Amino acid sequence: MKMTATPSLMPAFPGGQADFTARLAAPRKEIEHEFLRMGEKLIACTRLLNETSEAYAEMAGALAGSDFSELTDSVDRLSGLVAHLDRDRIATQSFLKELNDLTVQFPDRIGALTRAVRTLRMFFVTVHSVAATTGHRDANLLQFVEEFQKLGLELEGSVASFADAFARMRDSLNAASEMNAQFGAQLAELLDRIAAERTRNLEAMNRCRLWAESRVSAHAQRSERISARVSRAVSTLQVGDSTRQRVEDVEKALQKLSGHDDHPSVSAVYALTSAQLRGAIADFDSETGALARSLQELLQDTRTMLDSAAADSDALLSSGDSALGAIDGSLQQIAGMLAQYESCDAALSVAIDQLVAAVGNMLDHVSAFDDIRQTVRLLSINATLRSNALDEDGRAFRQVATDLRSLNDETDAPVEEVMDRLEKCGATLRGFLDARNSGEESRTDAMQDTLETSRRRVGNIATRLRDRANFMADTGPRALSELRDAAATVTDRQDFCATWRRIAAELAALAGEQDLRASGGDQRAELLAEIYKIYSMKAERDIHNALLGIAPEEDSPTNGEEEDSLGDIFF
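Residues numbered from 1 in each chain as written. Predicted model: local features only at pLDDT ≥ 70, side-chain atom pairs only at ≥ 80, totals over all residues. Heavy atoms only, no water.

Moving on, we come to the overall build of the chain. Secondary structure assignment for the chain yields 11 helices and 0 strands. Moving toward the C terminus, one meets the helices and strands of the chain in the order α-α-α-α-α-α-α-α-α-α-α. Accessible area for the chain stands at about 27,100 Å²; split by element, carbon and sulfur atoms hold 50% of it. (Helix = DSSP H or I, 4+ residues; strand = E, 2+ residues; numbered from the N terminus. Areas by Shrake-Rupley, 256 points an atom, 1.4 Å probe, with all protein chains shown as cover.)

As structure tokens, this is what we get:
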């Protein structure tokens, strides 16, 4: 190819190489600034997308974390405590039944003792009549009559007092039995409510958790794909660095012309730098065009992903709040039922205390009943002695003595049975009181504590869900905004390379038409060899070799250039 460039073209650019260098540097600095900003936006987008995915995972995690497991454990503990209360109720019912069985014959025995008292009253009339006719001859008889009357009155008082204590005990026993029987229905309802809590609300929460976990996996995969694409976009930003380097190499090549006035050499450098500049522009346009398309697609896909995540977050928050609200409402109902139980239990405690007092009062008559036996026996002996002392006048006393012996035989067995059953009542009562004082109160307190803890767990879960949902509602749009700003850098602006294109055209005009493959002399060859050493990239060497007709080099980087890293993105 003939060289047609002439020195007359040179004056068209009075600034020379210095003018080219200054004009080449301005776009390079702009690209450095814009691509640095774009890289920061993409990295911020990646961070926010990761945080959004983590927030959604934490929403699902809130339904599977310690608060939820401890809430489940609390409901289990409630069931166990209510079961203990029911066992306490059964134990109380057993105690009441045993007490009833022990005293069920008392009315008959009290009746027998009451009849004995009436018989003694009749005997007293007989004794008093005999004493009235013969007592002036026997002072001891009058004393016997007084003792007979006194013992009879004491016996009558003891029987009446015991009958009254037994009546109070029966009233308390019937009241306590009725109240305790009602507890069965109350505790069964409590257990049913807690069982329903497990099967309905906690299982609903578990379904929410399983659904959320499945969605977490899907969101994580999509987020990873989006993040990987963002990372590739960040990698593409290296074109800005490589273009900057190539333009700097063009500047260095032009600077090599300083002190050279050999026209063929200068023209060759102009031709070479024009080709290098056009090659850098072409690669930059290609890469940024692909980057623009990629970012637009990425923007749409990210918007779709975030919309899906937001919808799932709303669904999870709604269903979670609904289930948690149902659980909290149910726990409040359980608390109300427990309060009702405690109120009834307080009334039962009063009835039990009254029963305990009545049984205690009955137990106070054990010694009195022993006195009854001794009194009847003593009266029988004294009546026999009095009858013997009165000879013919003692026939009436002898009949009294005989009747008293019969009465003693009749009352001995009932009194013995009552005493034995009273002692058993005492043992039963002591065993019940020991068990009652050690268990029930602590269990109701534990139920209250467990209910409060459960409601606190529910509140913690609900707060965590809302906190993570609010976080997603904030970070998702911010990630999209960062990505949108990054995309706008390469889609909504003027041509980065407009100035370089004009310079490339000017350099081509200065070079004119020439064939660099033709020999241009030692000076040109030496100059071109020095320029070749400037190149840091294979693309530059390929263009150089193509223009000079040199075979392309192997596809492997040399001199340590073209490192595959993101370290130079930020220039």
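On we go.
The next subject is the packing of helix H5 (residues 238–255) against helix H6 (residues 263–363). Two numbers describe how H5 lies on H6: the axes approach to 10 Å, and their chain directions differ by 170°. Compared by their axis directions, H5 and H6 come out roughly antiparallel. Counted together, Val239, Gly240, Thr243, Arg246, Val247, Val250, Ala253 and Leu254 of H5 and Val269, Tyr270, Thr273, Gln276, Leu277, Gly279, Ala280, Asp283, Phe284, Glu287 and Thr288 of H6 form the full contact between these two elements. In terms of residue class, the contact of H5 with H6 is made up of 10 nonpolar, 6 polar and 3 charged. (Axes fitted to C-alpha atoms, helices over the stretch in contact; angles between N-to-C directions. Parallel < 35°, antiparallel > 145°, perpendicular 65-115°, else oblique. Contact = heavy atoms within 4.5 Å. Nonpolar A, V, L, I, M, F, W, Y, C, P; charged D, E, K, R; others polar.)

We now examine the nonpolar core. Phe148, Phe369 and Leu404 are the most contacted members of the largest nonpolar core, which has 92 residues in total. When residues of this core are traced back to their parent elements, those giving at least two are helix H1 (16–62), helix H2 (66–103), helix H3 (106–134), helix H4 (139–236), H6, helix H7 (366–389) and helix H8 (395–491). Among the elements that line this core, the one with the most residues is H4, at 22 residues. Leu404 has contacts with Leu120, Phe123, Phe148, Val376, Leu379, Ser380 and Ala383, leaving out every residue within four places of it along the chain. Phe35, Tyr270, Leu480 and Trp500 belong to the second-largest nonpolar core, a separate cluster that totals 56 residues. (Core = buried A, V, L, I, M, F, W, Y, C linked by side-chain atoms within 4.5 Å. Buried < 20%, exposed > 50% of the residue type's maximum accessible area, 1.4 Å probe, protein only.)

Their axes nearest at 9 Å, the elements H6 and helix H10 (residues 522–534) cross at an angle of 30°. As for how H6 packs across H10, the hand of that crossing is right-handed. Seen from H6, the contacting residues are Pro264, Ser265, Ala268, Val269 and Leu272; seen from H10, they are Gln523, Arg524, Leu527, Leu528 and Ile531. The residue inventory of the contact of H6 with H10, partitioned by class, reads 7 nonpolar, 2 polar and 1 charged. (Left-handed = near helix turned anticlockwise from the far one by under 90°.)

Overall, the coordinates contain 8 aromatic pairs when judged by the stated rule. Seen from their ring centres, Phe95 and Phe432 are 4.1 Å apart, and the 5° between their planes marks the pair as stacked. Linking Phe95 in helix H2 with Phe432 in helix H8, this pair joins segments that are 337 residues apart in sequence. Accessibility assignment for this pair places Phe95 and Phe432 in one class, buried. Between Phe106 and Phe162, the ring centres sit 5.7 Å apart and the planes meet at 55°, which makes this aromatic pair tilted. Note that Phe106 is positioned in helix H3 and Phe162 in helix H4, a separation of 56 residues in sequence. Chaining the aromatic ring pairs together yields one cluster made of Phe35, Phe284 and Phe496. The ring of Phe471 carries the charged tip of Arg468 above its face, separated from the ring centre by 4.6 Å. (Phe/Tyr/Trp six-rings, centres within 6.5 Å; stacked < 30°, edge-to-face > 60°. Lys NZ or Arg CZ within 6 Å of the ring centre and 35° of its normal.)

Moving on, we get to the pattern of salt bridges. Under the defined criterion, the tally for this structure stands at 27 salt bridges. The closest approach of N and O atoms between Asp301 and Arg229, which form a salt bridge, is 2.5 Å. Taken together, the positions of Asp301 in helix H6 and Arg229 in helix H4 put the pair 72 residues apart, joining distant regions of the chain. Notably, a salt bridge pairs Arg468 with Asp467, separated by 3.1 Å at the nearest N-O pair. The class of Asp467 is partly exposed, set by a relative accessible area of 37%. One salt-bridge network, in which partners are shared between bridges, spans Arg28, Glu32, Asp241, Arg244, Glu248 and Glu251. (Salt bridge = Lys/Arg side-chain N within 4 Å of Asp/Glu carboxyl O.)

This next bit is on the environment of His128. Within the element layout of this structure, His128 appears in helix H3. For His128, a relative accessible area of 42% translates into the label partly exposed. Linking His128 and Phe148, residues 20 residues apart in sequence, is a C-alpha distance of 9.4 Å.

Assignment of secondary structure puts Thr475 in helix H8. Apart from the residues within four sequence positions on either side, Thr475 is in contact with Leu48, Glu51 and Thr52.

For the chain, per-residue confidence averages 79 on the pLDDT scale, and 88% of positions sit at 70 or higher. Below pLDDT 50 for its whole length, residues 1–15 participates in 25 contacts with residues either more than four positions away or in separate chains. (pLDDT = per-residue confidence, 0-100.)

Next up on the list: H10. Think of an α-helix as 3.6 residues a turn; residues three or four steps apart then line up on the same face. Helix length check: H10, at 13 residues, gives a terminal C-alpha distance of 19 Å against a target of 18 Å (1.5 Å per residue), a fit within 8%. Looking only at H10, the buried set comprises Arg524, Leu527, Leu528, Ile531 and Ile534. Buried residues of H10, seen end-on, are gathered within an arc of 95° and therefore sit on one face of the element. Among the exposed residues of H10, those pointing more than 90 degrees away from its buried face are Asp522, Glu526 and Lys533. Tucked inside the fold, the buried residues of H10 contact H5, H6 and helix H11 (538–548). (Expected span 1.5 Å × (residues − 1). Arc of directions from axis to C-beta.)

Here we come to the environment of Phe144. On the secondary structure map, Phe144 appears in helix H4. Take Phe144: its relative accessible area is 4%, and that puts it in the buried class. Through-space distance from the C-alpha of Phe144 to that of His128 is 9.8 Å; in sequence the pair is 16 residues apart.

Let us now look at the side chain of Thr103. In this structure, Thr103 sits in helix H2. A distance of 2.8 Å separates a polar side-chain atom of Thr103 from the backbone oxygen of Leu99. Ignoring anything within four residues of it in the chain, the contact list for Thr103 reads Phe166, Met169, Arg170, Met362 and Cys425. (Polar contact = N/O pair within 3.5 Å; in protein donor to acceptor, adjacent residues only side chain to side chain.)

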